[in-house]
Amino acid sequence: MTFSATTILVLALIAALIVAAGVWAYSTANRLDRLHVRGDQARDALEAALSRRAVVARTVAISMAGPAADPAVTERSKRLAALADRAERADWRTRETAENQLAAALSALDITQLRPQLVAELADAEARVLIARRFHNDAVRDTLALRTRRPVRLLHLGGTAPLPTYFEIAERVTPAATTGLDVDTVRTSARVILLDEQDRVLLLRGHDPRTPDMPFWFTVGGGIEPGETLRTAAVRELWEETGFALDSSLLRGPLWRRVAVFPFDGELIRSEELFFVARAKNFTPSAADPTTWERHCVTADKWCTPEDIAELDRQGEAVYPFHLDQLLPEAITASSAMTDPEVRSIR
């Protein structure tokens, strides 16, 4: 029995299609596995952030219920503590409702009656919830986008894992008129660990306009503008602050995420910072398009080794992020990697 050339070609094409379908199915199943793992991690991070907010809420309730407290205030503190306990102990199906009830109680607080440190703790806890919920819902969105495709559903590539669901809760925004401080919503920033040929990192030196005698050092970067991606913002900020034009494809990351709450120029800033790493030949920075603050309050720049960073700390000039001297080896490794690293939280 012989086969014609046409028959052989058709069989070869069919075999190639089967192989291609198998490779696609295998890679899609692996990608779904990674998305499921990412979703589980994001949910764990969200639960941890919600639990921390409950702990802070209980601390607030205790601080309100002092011996000389008004009976109405004491009653509100008891209700706040009860809502915090209920939210922390609720299962995932009822957690959303319980957390919204807690958020509503927190919104009714007059935080001018709380200690400033406790206000900052509450703002930090709520900022972490907001960010964790964003990461969780992003993971849910990406998983649903793939799992709801018809070929994926027909081939059951998602396995038996249940479809993930979004977690929607109200976020408290405290008006400045109530607190005496402008409490910003979460400010998302893209920052760049820029390394030269000697593995030194570029740092800028600046100060709060209201405390010029307390300088600090920080990495290049700044807030994301509407419509920008993280990478676009990182490249733009790098050019504006140093005059260096970088191809965004040379960025690795983000590799770190830092959440901070701090006072700046009379405002209480809640910041989410995502750090990329990139390499460049050593150059002398010259801001191409500095902001008003940068023109008046950024006073120096320096390519720093870990030893330089440790010395700045010893001199009493803070370096952000914290422990950057110990983090640099991780950034150096990531800068030469072929793939982006997994983002992790730092201080």
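Residues numbered from 1 in each chain as written. Predicted model: local features only at pLDDT ≥ 70, side-chain atom pairs only at ≥ 80, totals over all residues. Heavy atoms only, no water.

## Details of the overall build of the protein
Here is step 1 of the chain: From N to C terminus, the protein includes 10 helices and 9 strands.
Here is step 2 of the chain: Each principal axis of the C-alpha distribution contributes one length, and for the protein these read about 100 × 55 × 30 Å.
Here is step 3 of the chain: Counting across all 347 residues of the protein, residues that qualify as buried make up 41%.
Here is step 4 of the chain: Within the protein, residue pairs in contact and separated by at least 24 positions form 73% of the contacts whose partners lie at least 6 positions apart.
Here is step 5 of the chain: Accessible surface, the protein as shown: approximately 18,900 Å² in total, 57% of it carbon and sulfur.
Here is step 6 of the chain: For the protein, the centre of its 42 positive side-chain charges and the centre of its 48 negative side-chain charges are spaced 6 Å apart. (Helix = DSSP H or I, 4+ residues; strand = E, 2+ residues; numbered from the N terminus. Buried < 20%, exposed > 50% of the residue type's maximum accessible area, 1.4 Å probe, protein only. Contact = heavy atoms within 4.5 Å. Areas by Shrake-Rupley, 256 points an atom, 1.4 Å probe, with all protein chains shown as cover. Lys, Arg positive; Asp, Glu negative; His and termini not counted. Charge placed at Lys NZ, Arg CZ, Asp CG, Glu CD.)

## Some words on helix H10 (residues 324-335)
Here is step 1 of the chain: Under the 1.5 Å per step criterion, the end-to-end length of H10 is 15 Å for 12 residues, consistent within 8% with the ideal 16 Å.
Here is step 2 of the chain: Of the positions making up H10, those classed as buried are Leu324, Asp325, Leu327, Leu328, Ala331, Ala334 and Ser335. Within H10, the buried residues cover an arc of 135° as seen down the axis, which keeps them to one side. Exposed and facing more than 90 degrees away from the buried side of H10 are Gln326 and Thr333. (Expected span 1.5 Å × (residues − 1). Arc of directions from axis to C-beta.)

## Overview of the side chain of His36
Here is step 1 of the chain: Within the secondary structure, His36 sits in helix H1 (residues 5-64).
Here is step 2 of the chain: The contact partners of His36, leaving out residues within four places of it in the chain, are Thr143, Arg147, Gly158 and Ala161.

## A word on the confidence of the model for the protein
Here is step 1 of the chain: Scored by pLDDT, the protein has a mean of 83; 93% of the residues are at 70 or more.
Here is step 2 of the chain: Predicted confidence is poor over residues 173-184, with pLDDT under 50, and the contacts of this stretch with residues over four places away or in other chains come to 20 contacts. (pLDDT = per-residue confidence, 0-100.)

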